[in-house]
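Each chain is listed here by its residues.
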Amino acid sequence: MLEEHKSKHSENLLAHEGDVVFARENYYRYRPANLEFLLKKRFSWMNDFIKKGDKVLEVGCGTGISRDFIRPDCNVLVTDFASHPWVMKKVDALDTDLKSKSFDAVYCSNMIHHVPFPKKFFKEMARILKPKGKLIVQEINCSFMMRILLLAARHEGWSFRQDPYSLSEPCTDKNDLWSANCAIPNLLFDDIEKFHSKVPEFGSIYQKYSEFSIFPLSGGGNRERAFNQPAKNSFKGI
């Protein structure tokens, strides 16, 4: 399949693309059972890595609905680059301006493939996490089926020619909040040994494919991952 495809916003065939206000209002108004089931599956597994009383950060909250599924007995700071009533603090995921070693866990969903410099993101998360803190990631899998769906919907693009570890060449458009490269998670996580060599701050402790049968737009499904810090002598693949 093509190594690269770029879609323009003007070509997008999905209604309300990027309209998180509409998506949030529509969800709470109608509570579609299939979507609620999907979101519960998407976020409930994260609770296995969050303890009672933990100080937790969500990065790139989008609609902010995830808070309904994260355990209520922890202290969650909900953040995003955009400002909305449900966003508790506006932050740049690459430079959060948050205190070092202050969070027990950080989680994000379908966010990293929008980040222009993924390596900067991991370095920043390592900085703000406490020692042995958890980084919990749920991301797209840019499989053959995913690329077929992206071509059909003209929603987002991908490029396997990018270097997600570059600190100078961006993987997405730095000036476009909704710019995306759906190949980023594969470039990062398909070769986990390379990831560990490039991002020594984290060790992988959990990985699993999910959502293929319940979320058609995910194509080949999404990927659940959890990392801990520090990485030294801590790798465990499940």
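Basis of the calculations
Residues numbered from 1 in each chain as written. Predicted model: local features only at pLDDT ≥ 70, side-chain atom pairs only at ≥ 80, totals over all residues. Heavy atoms only, no water. Pairing = 2+ DSSP bridges. Helix = DSSP H or I, 4+ residues; strand = E, 2+ residues; numbered from the N terminus. Contact = heavy atoms within 4.5 Å. Axes fitted to C-alpha atoms, helices over the stretch in contact; angles between N-to-C directions. Buried < 20%, exposed > 50% of the residue type's maximum accessible area, 1.4 Å probe, protein only. pLDDT = per-residue confidence, 0-100. Phe/Tyr/Trp six-rings, centres within 6.5 Å; stacked < 30°, edge-to-face > 60°. Core = buried A, V, L, I, M, F, W, Y, C linked by side-chain atoms within 4.5 Å. Polar contact = N/O pair within 3.5 Å; in protein donor to acceptor, adjacent residues only side chain to side chain. Salt bridge = Lys/Arg side-chain N within 4 Å of Asp/Glu carboxyl O.

Taken in spatial order, the 7 strands make up an open sheet running β4-β3-β2-β5-β6-β9-β8, and their pairing is mixed. Two strands close off the open sheet at either side, each with one partner strand: β4 (89-90) and β8 (203-210). Where strand β6 (residues 129-140) and strand β9 (residues 222-228) come together, 7 bridges link them in antiparallel fashion. Bridge pairing in β9 links I136 to A226. Seen against the sheet, helix α2 (residues 33-44) touches β5 (103-109), β6 and β9 and runs at an angle of roughly 140 degrees to β5. Its contacts with the sheet put helix α3 (residues 118-128) on β2 (55-58), β5 and β6, and the angle it makes with β6 is roughly 145 degrees.

It is worth spelling out the pairing of β2 at this point. Pairing between β2 and strand β3 (residues 75-80): 4 bridges, direction parallel. Within β3, the position partnered with L57 by the bridge is L77. Relative to β5, β2 runs parallel, the two sharing 3 bridges. If you follow V56 over to β5, its bridge partner there is A105.

Here we come to α3. Buried residues dominate α3, accounting for 8 of its 11 residues. Those residues of α3 that sit buried are P118, K119, F121, F122, E124, M125, A126 and I128. Buried-residue contacts for α3 involve β2, β5, β6, α5 (184-189) and α6 (192-198).

This part covers the confidence of the model for the protein. Note that predicted coordinates carrying low pLDDT should not be read in detail. Averaged over all residues, the pLDDT of the protein equals 90, while 92% of them reach at least 70. pLDDT under 50 marks residues 231-238. Its contacts with residues more than four places away, or in other chains, come to 19 contacts.

Turning our eyes to something else, we now look at the packing of aromatic side chains. Enumeration over the complete set of coordinates arrives at 14 aromatic pairs. Measuring from ring centre to ring centre gives 5.3 Å for F195 and F227, while their planes differ by 40 degrees; the resulting arrangement is tilted. With F195 in helix α6 and F227 in strand β9, this residue pair connects regions lying 32 residues apart in the sequence. Residue class for F195 comes out buried when judged on its relative accessible area of 0%.

So, about the nonpolar core. Of all hydrophobic cores here, the largest spans 28 residues; its most connected members are V106, I112, F121, F122, L135, F195 and F202. Among the secondary structure elements, those contributing two or more residues to this core are β5, α3, β6, α5 and α6. The biggest single contributor to this core is α3, with 5 residues. Beyond its immediate sequence surroundings of up to four residues, F121 is in contact with V59, A93, L94, C108, M111, I112, V115 and L135. If you look at the next biggest cluster of nonpolar residues, it comprises 24 residues, including I50, C61, F69 and A226.

What follows covers the side chain of D54. By secondary structure assignment, the location of D54 is in the loop between α2 and β2. You can call D54 buried: its relative accessible area is 5%. A distance of 2.8 Å separates a polar side-chain atom of D54 from the backbone nitrogen of K51. Apart from residues lying up to four places away in sequence, D54 is in contact with C74, N75 and D104.

This next bit is on the pattern of salt bridges. A full pass over the atoms with the stated rule returns 8 salt bridges. For K123, the salt bridge goes to E201, with nearest N and O atoms at 3.3 Å. Within this pair, whereas K123 is found in helix α3, its partner E201 is found in the loop between α6 and β8, the two being separated by 78 residues in sequence. Taking the shortest distance from any N to any O, the salt bridge between E124 and R127 comes out at 2.7 Å. Separated by 3 residues within a single helix, E124 and R127 lie in helix α3, roughly one turn from each other. For R127, a relative accessible area of 28% translates into the label partly exposed. Each of E3, E4 and R161 takes part in salt bridges that share partners, so that together they form one network.

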